[in-house]
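For reference, the chains in residue letters:
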Amino acid sequence: MSLTLSEVVRIAKLAQLEMDQAHAETALVELNGIFALAEQMKNVDTSGVEPLSHPLAAILGKLPLRLRDDVVTEENAREAYQAPAPKTQDGLYLVPQVIE
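Small disclaimer: the values here were computed from a predicted structure and weren't measured. (Residues numbered from 1 in each chain as written. Predicted model: local features only at pLDDT ≥ 70, side-chain atom pairs only at ≥ 80, totals over all residues. Heavy atoms only, no water.)

Undergrad: Hey, could you run me through the overall build of the chain in this one?
TA: Summing up its helical and strand segments, the chain has 4 helices and 2 strands in all. Along the chain direction, N to C, the helices and strands of the chain fall in the order α-α-α-α-β-β. Its C-alpha atoms give the chain a radius of gyration of 27 Å, clearly above 13 Å, the size a compact globule of 100 residues would have. Principal axes of the C-alpha set define a box for the chain whose edges measure 60 × 50 × 20 Å. Sorting the 100 residues of the chain into buried and exposed places 8% on the buried side. Computing the positive centroid from 8 side-chain charges and the negative centroid from 15, the chain places the two 3 Å apart. (Helix = DSSP H or I, 4+ residues; strand = E, 2+ residues; numbered from the N terminus. Rg over C-alpha atoms; globule rule 2.2 N^0.38 Å. Buried < 20%, exposed > 50% of the residue type's maximum accessible area, 1.4 Å probe, protein only. Lys, Arg positive; Asp, Glu negative; His and termini not counted. Charge placed at Lys NZ, Arg CZ, Asp CG, Glu CD.)

As structure tokens, this is what we get:
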């Protein structure tokens with residue numbers, strides 16, 4: 001996929017960007033370069049390549065996962081948080097209706 005100069009100008013207009021002819025030509029070259037890179041990357045055969053769990057895994061090898069246990073570490077303080085609220089009901093904050 002590649003863009004034309006008129007398409008770049010149209011996109012700039014849709015995005016409400018002021019772009020003169022010189023900037024449009026520069027943007028055209030840069031955008032077409034990005035599209036060419038995307039096409040090149042799309043054609044790379046990635047079958048048999050496993051996704052990485054972390055970007056550093058490719059460099060450092062297998063990384064140990066340092067995940068903490070999924071346990072509650074704080075007590076439920078809902079009542080203390082809701083005490084200064086003007087109105088609450090069943091653990092929810094009540095607010096005035098603003099839309100009819």
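Here the narrative resumes.
Undergrad: How should the pattern of salt bridges be read in this particular structure?
TA: Any two side chains of opposite charge can pair, so long as their charged atoms come close to each other. Summed over all chains, the structure comprises 1 salt bridge. Linking K42 and E39 is a salt bridge whose minimum nitrogen-to-oxygen distance equals 3.6 Å. Here K42 pairs with E39, and both are found in helix α2 (residues 21-42), just 3 residues apart, close to one helical turn. On the basis of relative accessibility, which here comes to 60%, the residue K42 falls in the exposed class. The class for E39 is partly exposed, based on a relative accessible area of 32%. (Salt bridge = Lys/Arg side-chain N within 4 Å of Asp/Glu carboxyl O.)

Undergrad: When you look at the packing of helix α1 (residues 5-14) against α2 in this model, what are you seeing that I'm missing?
TA: The relative placement of two packed helices comes down to the angle between their axes together with the axis-to-axis distance. Viewed as axis vectors pointing N to C, α1 and α2 meet at an angle of 105°, and their least axial separation amounts to 9 Å. Here α2 runs roughly perpendicular to α1, going by the angle between their axes. Contacts from L5, V8 and V9 of α1 reach α2 at Q21, A24, E25, A27, L28 and L31. Partitioning the contact of α1 with α2 into residue classes produces 7 nonpolar, 1 polar and 1 charged. (Axes fitted to C-alpha atoms, helices over the stretch in contact; angles between N-to-C directions. Parallel < 35°, antiparallel > 145°, perpendicular 65-115°, else oblique. Contact = heavy atoms within 4.5 Å. Nonpolar A, V, L, I, M, F, W, Y, C, P; charged D, E, K, R; others polar.)

Undergrad: Looking at this structure, how should I read the side chain of Q82?
TA: Mapped onto the elements, Q82 comes out in helix α4 (residues 78-82). From its side chain, Q82 meets the backbone oxygen of G91 in a polar contact 2.7 Å long. (Polar contact = N/O pair within 3.5 Å; in protein donor to acceptor, adjacent residues only side chain to side chain.)

Undergrad: What exactly am I supposed to notice about α2 here?
TA: Compared with the 32 Å implied by 1.5 Å per residue over 22 residues, the 31 Å span of α2 between its first and last C-alpha is a close match. Along α2, the residues that are buried comprise A24, A27 and L28. End-on, the buried residues of α2 take up no more than an arc of 110°, which puts them together on one face. Of the exposed residues in α2, the ones pointing more than 90 degrees away from its buried face are V29, E30, Q40 and M41. Where the residues of α2 are buried, they touch α1. (Expected span 1.5 Å × (residues − 1). Arc of directions from axis to C-beta.)

Undergrad: When you look at a nonpolar patch on the surface in this model, what are you seeing that I'm missing?
TA: Together, L56, I59 and L60 make up an exposed nonpolar region whose accessible area comes to about 320 Å². By the secondary structure assignment, L56 is in the loop between α2 and α3 (57-60). Here L56 falls in the partly exposed class, since its relative accessible area comes to 40%. (Patch = residues over 30% accessible without salt bridge, like charges linked within 9 Å, V, L, I, M, F, W, Y side chains within 5 Å. Areas by Shrake-Rupley, 256 points an atom, 1.4 Å probe, with all protein chains shown as cover.)

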